[in-house]
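Residue-level listing of the chains:
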Amino acid sequence: MSHVGTAEAPQGRGVASVADPDAAIEAVDLVKKFGTSLALAGVSFSVPRGSVFGVIGPNGAGKTTTMRALLDIIRVTSGRATVLGTDSRNAGPELRRRIGYLPGELILEGRTSGRRLLKHYVDISGPVPRGKIDELAERFGLDLDRPVRKLSKGNKQKLGIVQAFMHQPELLVLDEPTSGLDPLMQQEFLGLVSEAREAGQTVFLSSHVISEIQQAADVVAILRGGKIVTIASVEELRQSAIRHLRMMVTGVSPAELRALLAPLDGVGNLECTRNSAGTTEATATLGGEIRPFIQAISTLALTDLVLEEPDLEESVLRLYTVPNAAGPNGDVS
Ligand SMILES: Nc1ncnc2c1ncn2[C@@H]1O[C@H](COP(=O)(O)OP(=O)(O)OP(=O)(O)O)[C@@H](O)[C@H]1O
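- The name an unreviewed UniProt entry assigns to the chain is ABC transporter ATP-binding protein, from the organism Cryobacterium frigoriphilum.
- The UniProt entry for the chain carries the following comment under Sequence similarities (unreviewed entry): "Belongs to the ABC transporter superfamily."
- Among the UniProt annotations of the chain, the heading Subcellular location (unreviewed entry) holds the following wording: "Cell membrane".

Take a look at the structure:
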């Protein structure tokens, strides 16, 4: 297991700066090149203290690179980040004690037990409240006396979670924290995140699981190809998500209904047909606000209207793949 570290980084240089005192993290135009490949192409965001900020994106989007840059495990090519009021390049032991870090790829080998390994990490993280390690281990059903190399992937992940949370840090940086956890343990983890927020801690986490981000995060950043496609609250994302609709109308022909609905903002995949009962049926997708649509159909003789719950997953996946897709704030990649 790696803790917050500076493995690939030169020793602290740069001057500590306080940008926004309310921000736990402020990243400004982070660029990271690995040889000729551009892992981060100008990433900027701000994470308010006491909030849960989720980052989602497809494989290779730059989530891990962003986290490693914030923790000074790697150095960015250009740009700057402030973490808990300190320039990330000054991530010395004092700052590291204020952060809990769960790396994406946990490597736990050796005969040592989970308990002994955690004791070692206490030396780095600073004091842990009495009984906290056992309380967390019990919560996740983790046997701390087994040699770590014998632990399953999920149990190694639980040990990583205990390690990140045990010293009740001001900031938690969690890379794919629920990877390998079963659904019950994922819920337990989400409970822990919500308690952390209630206690005023800040959580910065990445995930592939949209439903999990939806449940845990206040704000979501969608990263793709080293760029932020959009940053939005979960509610904004939900409102911008696509709904599926089906309606039945009498007294209008399919062509008339098409002429009414097709020009409306957000209407897509429109199909208007006459069914065997002589009623006109329309199916479509509806994005964005529903009010203009409801107003437009208010004069129709509706016999049925079905408007499905917005599908956040579908909407986010669209932002993953569609070139120049606009997010809820109108941001484009
Ligand atoms: N040490 C490295 N050397 C070279 N390229 C790297 C290195 N680390 C990351 N990359 C590249 O940078 C890009 C971003 O990788 P990163 O691991 O940050 O993505 P990610 O969003 O965390 O992906 P995943 O969801 O698969 O974990 C990828 O193209 C990756 O191949």
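And the narrative resumes.
Notes on the sheet that holds strand β1 (residues 23-34)
Phase 1: Strand order in the open sheet formed by 4 strands is β2-β1-β4-β5, and the pairing between neighbours is antiparallel. Each edge of the sheet is formed by a strand with only one pairing partner; in this case those strands are β2 (37-48) and β5 (86-87).
Phase 2: With 2 bridges joining them, strand β4 (residues 78-83) and β5 adopt antiparallel strand pairing. Paired with Thr82 across the strands is Asp87, a residue of β5.

What about the packing of aromatic side chains?
The description of an aromatic ring pair uses the distance of the two centres, along with the angle that the planes make with each other.
Phase 1: Under the criterion given, the structure shown has 4 aromatic pairs.
Phase 2: Ring centres of Phe45 and Phe53 lie 5.4 Å apart, and the angle between their planes is 25°; on these two criteria the pair is classed as stacked. Pair check on accessibility: Phe45 and Phe53 agree, each one buried.
Phase 3: With a centroid separation of 5.5 Å and an interplanar angle of 5°, the aromatic rings of Phe45 and Phe204 are classed as stacked. You can see Phe45 sitting in strand β2 and its partner Phe204 sitting in strand β8 (residues 202-207), a full 159 residues away along the chain. Accessibility assignment for this pair places Phe45 and Phe204 in one class, buried.
Phase 4: Here the aromatic cluster, defined as three or more aromatic residues joined through ring pairs, consists of Phe45, Phe53 and Phe204.
Phase 5: One residue, Lys32, lies across the ring of Phe34, its end atom 5.1 Å from the ring centre.

Comments concerning the packing of helix α3 (residues 114-125) against helix α5 (residues 153-165)
Axes are the key here: two packed helices are described by the angle between their axes and the distance separating the axes.
Phase 1: Where α3 meets α5, the closest approach of the two axes is 10 Å, and the angle between their N-to-C directions is 30°. Judged by the angle between their axes, α3 and α5 are roughly parallel. Crossing of α3 against α5: the hand is right-handed. Between α3, through Gly114, Leu117, Leu118 and Tyr121, and α5, the contact on the second element is made entirely by Leu159, Val162 and Gln163.
Phase 2: Tallied by class, residues from the contact of α3 with α5 come to 5 nonpolar, 2 polar and no charged.

Considerations on the confidence of the model for the chain
Phase 1: For the chain, mean pLDDT is 86; residues scoring 70 or higher make up 90% of the total.
Phase 2: Between the elements of the chain, mean pLDDT differs from a low of 73, seen in helix α11 (residues 312-321), to a high of 97, seen in strand β7 (residues 171-175).
Phase 3: In this model, residues 1-18 is a region of pLDDT below 50 whose contacts with residues beyond four sequence positions or in other chains number 55 contacts.
Phase 4: Overall, residues 325-333 carries pLDDT values under 50, and its contacts beyond four positions in sequence, including any with other chains, amount to 28 contacts.

Details of helix α1 (residues 63-70)
Phase 1: Taken across its 8 residues, α1 has 6 buried, putting it largely inside the fold.
Phase 2: Where α1 terminates, the next one or two residues include Asp72, which has phi positive at roughly 65°.

Considering the site of the ligand
Phase 1: Phe34, Ala39, Pro58, Asn59, Gly60, Ala61, Gly62, Lys63, Thr64, Thr65 and His208 make up every residue found near the ligand.
Phase 2: Between an oxygen atom of the ligand and a side-chain N or O atom of Asn59, the distance comes to 2.9 Å.
Phase 3: Interatomic distance of 3.1 Å between a side-chain N/O atom of His208 and an oxygen atom of the ligand.
Phase 4: Among the elements that make up the shell around the ligand, the one with the highest residue count is α1 (3 residues).
Phase 5: For the shell around the ligand, the class distribution of residues is 4 nonpolar, 6 polar and 1 charged.

As for the sheet that holds β7
Phase 1: The strand order across the open sheet formed by 6 strands is β6-β7-β8-β3-β9-β10, and the pairing between neighbours is mixed. Lying at the two open borders of the sheet, with one neighbouring strand each, are β6 (99-102) and β10 (227-233). Taking the axes of each pair of neighbouring strands and ignoring which way they run, one obtains an average angle of 15° across the sheet.
Phase 2: Along the sheet, α5 contacts β6 and β7; its crossing angle with β6, the most-contacted strand, is approximately 170°.

Rules used throughout
Residues numbered from 1 in each chain as written. Predicted model: local features only at pLDDT ≥ 70, side-chain atom pairs only at ≥ 80, totals over all residues. Heavy atoms only, no water. UniProt positions renumbered as here; feature names shortened; annotations may be inferred. Pairing = 2+ DSSP bridges. Helix = DSSP H or I, 4+ residues; strand = E, 2+ residues; numbered from the N terminus. Phe/Tyr/Trp six-rings, centres within 6.5 Å; stacked < 30°, edge-to-face > 60°. Buried < 20%, exposed > 50% of the residue type's maximum accessible area, 1.4 Å probe, protein only. Lys NZ or Arg CZ within 6 Å of the ring centre and 35° of its normal. Axes fitted to C-alpha atoms, helices over the stretch in contact; angles between N-to-C directions. Parallel < 35°, antiparallel > 145°, perpendicular 65-115°, else oblique. Left-handed = near helix turned anticlockwise from the far one by under 90°. Contact = heavy atoms within 4.5 Å. Nonpolar A, V, L, I, M, F, W, Y, C, P; charged D, E, K, R; others polar. pLDDT = per-residue confidence, 0-100. Near = heavy atom within 4 Å. Polar contact = N/O pair within 3.5 Å; in protein donor to acceptor, adjacent residues only side chain to side chain.

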